[in-house]
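Understanding the architecture of this molecule
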Amino acid sequence: MKLFSHLFLFIILFGCIFVNIIWGKKSIARDVKHAQEGEINKKTEALLSRLTLREKIGQMVQVNGQNGQIPDEFRTAILNGSIGSILNEVDVKTLNDIQRIAVEESRLGIPIIFARDVIHGFKTIFPIPLGLAATWNPELVEAGSRVAATEAATYGIRWTFAPMVDITRDPRWGRIAECLGEDPYLTSTLGAAMVRGFQGDDLSAPGSIAACAKHFAAYGAAEGGRDYNTASVPGNELRDVYLKPFKACVDAGAATLMAAFNEINGVPATGNKFLLNDVLRGEWGFKGFVVSDWSSVTQLITHGFSENEKEAACAAVKAGTDMEMASTTYQTYIEELVKEGRINEEDINQSVRRILTLKYQLGLFDNPYTEPAAFPAVLNDNHKALAKKAAIQSVVLLQNNKYILPLSKDIQKVAVIGSLADAPHDQLGTWIFDGHKKNSITPLQAITEFLGPSKVVFAKGLEISRTRDTKGFQQAVDAANVSDAILLFLGEESILSGESHCRADIGLPGAQQQLVETLAATGKPVVAIILAGRPLTIGSILEKVDAVLYAWHPGTMAGPAISDLIFGVEAPSGKLPVTFPLAVGQIPIYYSHKNTGKPATKESWQKMYDIPVEAFQLSIGNTSHYLDAGFEPLFPFGFGLSYTTFEYKNIKISAGQIKMNETVDISTEIKNTGQFTGEEVVQLYVRDLFADRTRPVRELKGFQRVRLEPGEQKTVTFTLGAKDLSFYNRKMQQVTEPGKFFVWIGGNSNADLKTEFEIIK
Ligand code: NOJ
């Protein structure tokens, strides 16, 4: 008994010491951070007080690099302190030379901050962001961003224009490739992970670069999926959907934000005081700075919002755009505007304060120069291994009839067909300023290496993805005829997505559909591997092919990743971050839609070809659907198969009722019921049944990636609290309403394992 009580005391004591150590460490870290902040504030204020108005304005100017050159005019501008930041200069020697002029020769020695679009890797290219989102793996996404940051910092880049956290529900929009999908929760989680990866715990540490959450805001809501187009979003929807990921990035410490090109409800983002000042700074307490998008200040004129450049500069500064990218209205007009009393110098001070603070935080005053040798080599094996892992986890298995995949590595011969099987440039995807095709390993190379050259026969079939000329078909058929299986690479080249590369028809371009049909007619098994920057409407090929691996643009390591998946070295585990439409006319189609007063069901859908001639048209019984395309997508959000199967059962909830300040645990058992080791992304969806403002039929509120050996079972638990269930009501208040909630857990947004609970007052 005595022994027992001693043991008990010891545990309590040890527990207290342990808690104290952890708590103590945390509070020491907090104190150090506060002290550093205090120090930086002091230095910033001291420096600010020495700046002339012209020098202040200089800090608010960002100009493009001059391709490794320092022309006289450029040198003079740096010397005069007329440039605060330079984008797109990546020649280290030039960059250090520029920095030397700024730091050693200009009056106050303020370093330049060099910026670049480091979107999904720098030299080692990771999958496009939409592909990264398909991993549903925040730790991996964070680690990948760290690699990108380290490689960029090696070249003196200390600020990236990423993450792009625009929500979009339109796959026609070219920039869907750059974003993290359609869902605010997934985008928030992964966007915050990217911010952490880029910035680390300490912005001044080697390999840390400042993040820039963009494009603030609602850029992805462009009408018709046409880039730069008008966004009309009701205020509460704006906050519930489009602003959420930005808030998550701000909470994760994002140093900067970029104002978007588009207008929102009639006010262009770059001149939008409500967004940049009231919401971002007022409500969210954002302390960093806002940069415009490329010439988006002068575009205030084109929008029809400002009359001329002077007015544009005035509107942008007053709204809270601290730095102007590319266009030159700040340099030209701010001084005049201040002298005329139209802009308060204190507003300029505020912008400059924010910019200088970041320069101090990055340690640029102490370490302005870049020494590449101090960093790990770019494209090193670790970086490439991580890029390969990300590529593997990004691939989504959409179909696998009769478990044709994985192919046996003892297969006698495979026909590798399609130009995208060997397209080292296109596999990298959009926004790869610094990636190079010479570093890519293509699927053809990797498959040939895996099987041995005698087992692989390659035919392009079509010269590029857009080719309409079918003269290469015969060679492809010949290759198929001497093989045991066809690995058919389809999709779109990288140039068909990305900024302003939008498409009205998102089917397979060129004669690819015909190529699929021709090869299917050989009777050989066909595995389609699709490389694309967006969801494509691939419904018509599904019945022609046996399996579909959707690989996005997977980056430098596309080849080894795809080869490992085809031959079962790894099992697919990617899940769709965006709904795949059946037909382009269904757009927008997304899982978290509203129920409507007349929701469609399989029974209520009137199919166009079943309608009798001269049928009487009436309203009763009609529902919200298309006669020709129904109401369901081709593949739902969150969908993705594996080589194994997972069984979900036994959903449990810790309480049927909770109060506003309580939480509820929801758990499920998940079992690997197949033959392969696999990873599954377990997803939790919620529906708030009745509300002041109608709520979506389902909303993602949690996910966890679990790895299971064959036969292994695990319990996965999620916790929900009132805050997770909040939304903006008609009065624009963020509320959680008492009432009933349905909860589903499963492997995609159609999960049917269900429970429910109620929130009471
Ligand atoms: C325009 C794009 O919209 C933005 O995303 C990018 O960061 C800038 N150009 C700079 O390249």
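Let me sum up the structure you'll find in this document. These figures come from a predicted structure and were not determined experimentally.

Conventions we followed
Residues numbered from 1 in each chain as written. Predicted model: local features only at pLDDT ≥ 70, side-chain atom pairs only at ≥ 80, totals over all residues. Heavy atoms only, no water. 1 Å grid on protein atoms, 1.4 Å probe; cavity = no way out; pocket = protein on both sides within 12 Å on 5 of 7 lines; lining within 4 Å. Points joined across faces, edges and corners; volume = space filled by probe spheres on them. Helix = DSSP H or I, 4+ residues; strand = E, 2+ residues; numbered from the N terminus. Nonpolar A, V, L, I, M, F, W, Y, C, P; charged D, E, K, R; others polar. Buried < 20%, exposed > 50% of the residue type's maximum accessible area, 1.4 Å probe, protein only. Pairing = 2+ DSSP bridges. Salt bridge = Lys/Arg side-chain N within 4 Å of Asp/Glu carboxyl O. Near = heavy atom within 4 Å. Polar contact = N/O pair within 3.5 Å; in protein donor to acceptor, adjacent residues only side chain to side chain. Axes fitted to C-alpha atoms, helices over the stretch in contact; angles between N-to-C directions. Parallel < 35°, antiparallel > 145°, perpendicular 65-115°, else oblique. Left-handed = near helix turned anticlockwise from the far one by under 90°. Contact = heavy atoms within 4.5 Å. Core = buried A, V, L, I, M, F, W, Y, C linked by side-chain atoms within 4.5 Å. Domains from an automatic or database assignment.

Comments concerning the layout of surface pockets
One number sums up the size of the second largest pocket: a volume of about 1400 Å³. Lining the second largest pocket are 42 residues, and of these Lys33, Glu37, Ile40, Leu203 and Gln361 lie nearest its centre. Per-element tally for the lining of the second largest pocket: the top contributor is helix α1 (residues 2-48), with eleven residues. Among the residues forming the lining of the second largest pocket, the class breakdown is 14 nonpolar, 14 polar and 14 charged.

Section: the pairing of strand β16 (residues 547-550)
Neither face of β16 is left uncovered, since the one carrying Ala547 and Leu549 and the one carrying Val548 and Tyr550 both have all their residues buried. Of the pairings in the sheet, the one linking strand β11 (residues 396-400) to β16 comprises four bridges and is antiparallel in character. The residue of β16 that forms the bridge with Asn400 is Ala547. Direction of pairing for strand β15 (residues 526-531) relative to β16: parallel, over a ladder of four bridges. By the bridge assignment for β16, Ala528 is matched with Val548.

Brief notes about the pattern of salt bridges
Applying the stated rule across the entire model yields 39 salt bridges. Arg353 serves as the salt-bridge partner of Glu45, at 2.6 Å between the closest nitrogen and oxygen. Here the residue Glu45 occupies a position in helix α1, and Arg353 occupies one in helix α14 (residues 345-361), the gap between them amounting to 308 residues. Taking the relative accessible area as the measure of exposure, Glu45 reaches 37% and is therefore partly exposed. Salt-bridge contacts for Arg172 lead to Asp170; the nearest nitrogen and oxygen are separated by 2.7 Å. Several salt bridges share partner residues, and in doing so they unite Glu237, Asp240, Arg693, Arg695 and Glu699 into one network.

A closer look at the site of the ligand
With respect to spatial proximity, 13 residues lie near the ligand, and among them Asp117, Arg175, Lys214, His215 and Asp293 are the closest. Asp293 places a polar side-chain atom, nitrogen or oxygen, 2.6 Å from an oxygen atom of the ligand. Its residues assigned to classes, the shell around the ligand comprises seven nonpolar, one polar and five charged.

Brief notes about the packing of helix α15 (residues 381-394) against helix α20 (residues 558-566)
Orientation of α15 relative to α20, taken along the N-to-C sense of each, is 50 degrees, at an axis distance of 8 Å. On the basis of their axis angle, the class for α15 and α20 is oblique. In the crossing of α15 with α20, the sense of the turn from one axis to the other is right-handed. Facing Lys388, Ala391 and Ile392 of α15, the residues of α20 in contact are Pro560, Ala561, Asp564 and Leu565. Tallied by class, the residues present in the contact of α15 with α20 amount to five nonpolar, no polar and two charged.

Section: unusual backbone geometry
Put simply, Lys214 and His215 share a cis peptide bond, and its omega is -5 degrees. Secondary-structure assignment places His215 in strand β5 (residues 212-216). Here the bond from Phe216 into Ala217 is cis, since omega is 5 degrees, no more than 30 degrees from zero. In this structure, Ala217 sits in the loop between β5 and α8 (235-242). Residue Leu379 is not a glycine yet carries a positive backbone phi of 60 degrees.

Details of the side chain of Lys575
Tracing the chain through its elements places Lys575 in the loop between α20 and β17 (646-653). At 3.0 Å, the side chain of Lys575 and the backbone oxygen of Gly640 are in polar contact. If sequence neighbours within four positions are ignored, Lys575 has contacts with Ala134, Trp136, Val396, Gly638, Phe639, Gly640, Glu680, Val681, Gln683 and Gly747.

Here's the deal with the nonpolar core
Phe216, Leu398, Ile538, Tyr550 and Trp552 are the most contacted members of the largest nonpolar core, which has 134 residues in total. Among the elements that line this core, the one with the most residues is helix α6 (residues 138-154), at seven residues. Both domain 2 (56-110) and domain 3 (646-760) contribute no fewer than three residues apiece to this core. For Tyr550, the residues in contact, after removing those within four places along its chain, are Ser394, Val395, Val396, Leu398, Ile530, Ala532, Arg534, Pro535, Leu536, Ile538 and Phe580. Within the second largest apolar cluster, 44 residues are counted, among which are Met258, Leu337, Ile343 and Leu358.

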